[in-house]
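Observations on chain architecture
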Amino acid sequence: MKIKPWIQAARLRTLPLAITCVLLGGAVARAHGLDEAGLARFTPVVVGALVTVVLLQILANFANDYGDFTKGTDTAAGRTDRALASGQLTVPAMKKGVTITAISALNAGVVTLILAFVPGAVPGTDGVTLDGARMGLLGTFGVAGIVAAMRYTMGKQAYGYQGLGDVYVMLFFGIIGVLGVGLLVAHEVPATWVLPALFSGCMSVAVLNLNNLRDHQSDALAGKRTMVVRLGFEGAKRYHLALLGVGWGALLLFFQGPWEVGMWRGTMWYALLALLHARHAVDVWRCEDPASLDPELKRIALSTFLVALFMFMDQTLGA
């Protein structure tokens, strides 16, 4: 079996943004203050969540490759960077890859739930009371995440073709992602954590929007009614600026709120990354050629990941 086509289909460049929600969830949980049991389960739970999210992102990428190819979207765009469209993988092989990755993500999620909630699963947590309700809630969200990753472009009712991909990304890479990881670690979720969750969600949707801005012409030809196709190119650019504004506004409010005073260091680095996003916003607003947006995908994804990484390191290495 050739490995290179699978690496290409996994689209490894999308993984840093995917794990942003895990880093943010871990960071806010650690900053909130953990008891001895929370500190004991912190590392294994965060690692388990990282593995699960990476597998979910790879699953979504495999499913996207399969769905867009079978629906003719990649053909309409003339894409040769996809494993199926380029002929490097067959449809049966990709279906098998989707199945194996989905099962792996499910197993990783179950292990993470056990590490987070089952007394004694991690040394030092023997005195923890089993919280079946929260465990069941997060398990339900995990299964929903697997289904959502597969149904983005796969199936007759693929929601990515109905302009609902933005909602999925906001939920699973923002609200559910950050708050879910925080709940796994801390076993509680303060309302203020919604703010960094909004930042993660808005930046993730912004990356999806950039992708759809770049591909809006071929998407329209293939019947893929993304948010950009629905709003139009100019309307989607305004939507993009709104995402950046709401995301950074939420993070600024989180940093400046009385509940977080003195908890976060490295203000200069966050300011520099915010300026980078501001320059990005100007470039998007002035853009007339959709193809020129491709480099912006990497810029916004990696800079968002750096924000999350700095926050995570602040609370772990600086503790």
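Residue indices follow the written sequence of each chain, beginning from 1 at its first position. Given that this is a predicted model, residues contribute local features only at a pLDDT of at least 70 and side-chain atom pairs are listed and counted only at 80 or more, while totals for whole chains, interfaces and linings are drawn from all residues. Each side-chain value is derived from all of the structure's non-hydrogen atoms; neither hydrogens nor water enter the calculation.

Counting its regular elements, the protein contains 14 helices and 0 strands. Shown N-terminal to C-terminal, the secondary structure of the protein runs as helices and strands in the order α-α-α-α-α-α-α-α-α-α-α-α-α-α. Computed over the C-alpha atoms, the radius of gyration of the protein is 20 Å, within 12% of the 20 Å expected from 2.2 N^0.38 for a compact globule of 319 residues. Its C-alpha atoms give the protein principal-axis dimensions of roughly 60 × 45 × 30 Å. The 319 residues of the protein split such that 53% are buried. Every residue pair with non-hydrogen atoms within 4.5 Å of one another is taken to be in contact. A separation threshold of at least 6 residues defines the contact pool for the protein, and within that pool the share at least 24 residues apart is 76%. Total accessible area on the protein is roughly 14,100 Å²; 67% of this is exposed by carbon and sulfur atoms. A residue counts as positive if it is Lys or Arg and as negative if it is Asp or Glu; His and the chain ends are not included. A single reference atom marks each charge: NZ on Lys, CZ on Arg, CG on Asp, CD on Glu. In the protein, 25 positive and 20 negative side-chain charges are present, and the distance between their average locations comes to 7 Å. Numbering of helices and strands runs from the N terminus; a helix is a DSSP stretch of H or I covering at least four residues, while a strand is a stretch of E covering at least two. The reference for a compact globule is 2.2 Å times residues^0.38; the radius of gyration itself is calculated from the C-alpha atoms. Exposed residues in this analysis have more than 50% of their type's maximum accessible area, buried residues have under 20%, and partly exposed residues fall in between, with area computed by a 1.4 Å probe over protein chains only. A 1.4 Å probe and the Shrake-Rupley method give the accessible areas. Residues count as covered only by the protein chains that appear here.

Along the chain, the position of leucine 221 falls in helix α10 (residues 216–222). Distance in space between the C-alpha atoms of leucine 221 and glycine 182 is 41 Å, their sequence separation being 39 residues.

Attention now goes to a nonpolar patch on the surface. Here, patches come from residues exposed beyond 30% relative accessible area and free of salt bridges, joined within 9 Å for like charges and within 5 Å for nonpolar side chains (Val, Leu, Ile, Met, Phe, Trp, Tyr). Take a side-chain nitrogen of Lys or Arg and a carboxyl oxygen of Asp or Glu: if they are within 4 Å of each other, that pair is a salt bridge. A contiguous nonpolar patch, built from Leu106, Val110, Ile114, Val143 and Val147 and spanning about 370 Å² of accessible area, is present on the exposed surface. If one sorts the elements of the nonpolar patch by residue count, helix α6 (residues 91–117) sits on top with 3 residues. Counting through the fold element by element, valine 110 comes out in helix α6. Owing to a relative accessible area of 40%, valine 110 belongs among the partly exposed residues under this scheme.

Ranked by size, the top nonpolar core spans 99 residues in total, and within it Met94 and Met311 carry the most contacts. Aside from chain neighbours lying at most four places away, what touches methionine 311 is Leu24, Ala27, Leu251, Phe254, Phe255, Trp264 and Tyr270. By nonpolar core we mean a set of buried residues, namely Ala, Val, Leu, Ile, Met, Phe, Trp, Tyr and Cys, connected to one another through side-chain atoms within 4.5 Å.

In this section: the pattern of salt bridges. It is possible for side chains of opposite charge to pair when their charged atoms get near one another. Overall, the coordinates contain 6 salt bridges when judged by the stated rule. Between arginine 299 and aspartate 283 there is a salt bridge whose closest N-O contact spans 3.3 Å. Taken as a pair, arginine 299 in helix α14 (residues 294–316) and aspartate 283 in helix α13 (residues 267–286) lie far apart in primary sequence, 16 residues in all. Since its relative accessible area comes to 30%, arginine 299 is described here as partly exposed. Judged by relative accessible area, which is 23%, aspartate 283 ranks as partly exposed. Of the charged contacts in the structure, one is a salt bridge between arginine 299 and glutamate 296, with a shortest N-O distance of 3.4 Å. In this pair, arginine 299 and glutamate 296 are both assigned in helix α14, 3 residues apart and thus about one turn of the helix distant.

Bringing the side chain of asparagine 64 into the picture now. By the secondary structure assignment, asparagine 64 is in helix α4 (residues 36–70). Setting aside its immediate chain neighbours within four residues, asparagine 64 contacts Arg11, Arg82, Tyr152, Thr153 and Lys224.

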